[in-house]
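# Understanding the architecture of this molecule
Each chain, written out:
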Amino acid sequence: MVKGEDIAWSKLKIEMDNADADPVICLPSNQDSSSPCTYDEDDSQHWSVNESVTIKEGDNGVCSGPDADIGGCKININIILTNPDEDDIILDEITVTVQ
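Residues numbered from 1 in each chain as written. Predicted model: local features only at pLDDT ≥ 70, side-chain atom pairs only at ≥ 80, totals over all residues. Heavy atoms only, no water.

Here the focus is the state of the cysteines. Applying the stated criterion across every chain, the model contains one disulfide. The residue that forms a disulfide with C26 is C37, at a sulfur-sulfur distance of 2.0 Å. Since a negative S-S torsion denotes a left-handed disulfide, the C26-C37 link at about -100° is left-handed. In this pair, C26 sits in strand β3 (residues 21-28) while C37 sits in strand β4 (residues 37-39), placing the two residues 11 residues apart along the sequence. Comparing C26 with C37 shows no difference in burial state: the two are buried. (Disulfide = S-S within 2.5 Å. Helix = DSSP H or I, 4+ residues; strand = E, 2+ residues; numbered from the N terminus. Buried < 20%, exposed > 50% of the residue type's maximum accessible area, 1.4 Å probe, protein only.)

Below is the structure:
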């Protein structure tokens, strides 16, 4: 994160999807390492400015459709702030090519 206010890890949701699969919710790697995707949290209670988050795919891989055979596929990653009393807020949408 490069700007903004600290976000409690408990309010952070990371969603990954591509055209060949249903969206998946990434879980903290200390909760479920068998998830289709995970991310690493640090020991603090918050994701703070100037901290990065590493997102990892699970054992099945995120590119499994026809695009995987021709150089990779585009993955959309949504960084979402959850709020049980209101609608979720998408903080950022990132598109990457995975090979």
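Structurally, the position occupied by E15 is in strand β2 (residues 12-18). Of the buried charged residues, E15 lacks a salt bridge, with K13 as the closest side chain of opposite charge at 5.2 Å. Each residue touching E15, except ones within four places of it in the same chain, is listed here: P23, V24, I25, N76, I77, N78 and I80. (Lys, Arg positive; Asp, Glu negative; His and termini not counted. Salt bridge = Lys/Arg side-chain N within 4 Å of Asp/Glu carboxyl O. Contact = heavy atoms within 4.5 Å.)

Within the element layout of this structure, S29 appears in the loop between β3 and β4. On a C-alpha basis, the gap between S29 and Y39 in space is 5.5 Å, while along the polypeptide they are 10 residues apart. Leave out the neighbours within four places in its chain, and S29 touches T38, Y39 and D40.

Pairing analysis gives four bridges linking β2 to β3, with the strands arranged antiparallel. Residue I14 lies in a different strand from β3, and its bridge partner there is C26. Hairpin connection of β2 to β3: two residues between the antiparallel strands. Where β3 meets β4, two bridges bridge the pair, whose relative direction is parallel. Across the sheet, P28 pairs through a bridge with Y39, a residue of β4. (Pairing = 2+ DSSP bridges.)

It is worth spelling out the side chain of S48 at this point. Within the element layout of this structure, S48 appears in the loop between β5 (46-47) and β6 (55-57). Separated by 3.2 Å, the side chains of S48 and D6 make a polar contact. (Polar contact = N/O pair within 3.5 Å; in protein donor to acceptor, adjacent residues only side chain to side chain.)

Going through the model one piece at a time under the given rule, you end up with two salt bridges. We note a salt bridge from K13 to D88, for which the minimum N-O separation is 3.2 Å. Of this pair, K13 sits in strand β2 while D88 sits in the loop between β7 (73-81) and β8 (89-98); the two residues are 75 residues apart in sequence, bridging distant segments of the chain. Of the residues examined, D88 reaches a relative accessible area of 39% and is grouped as partly exposed. The partner of D40 in a salt bridge is K56, and the shortest N-O contact between them spans 3.1 Å.

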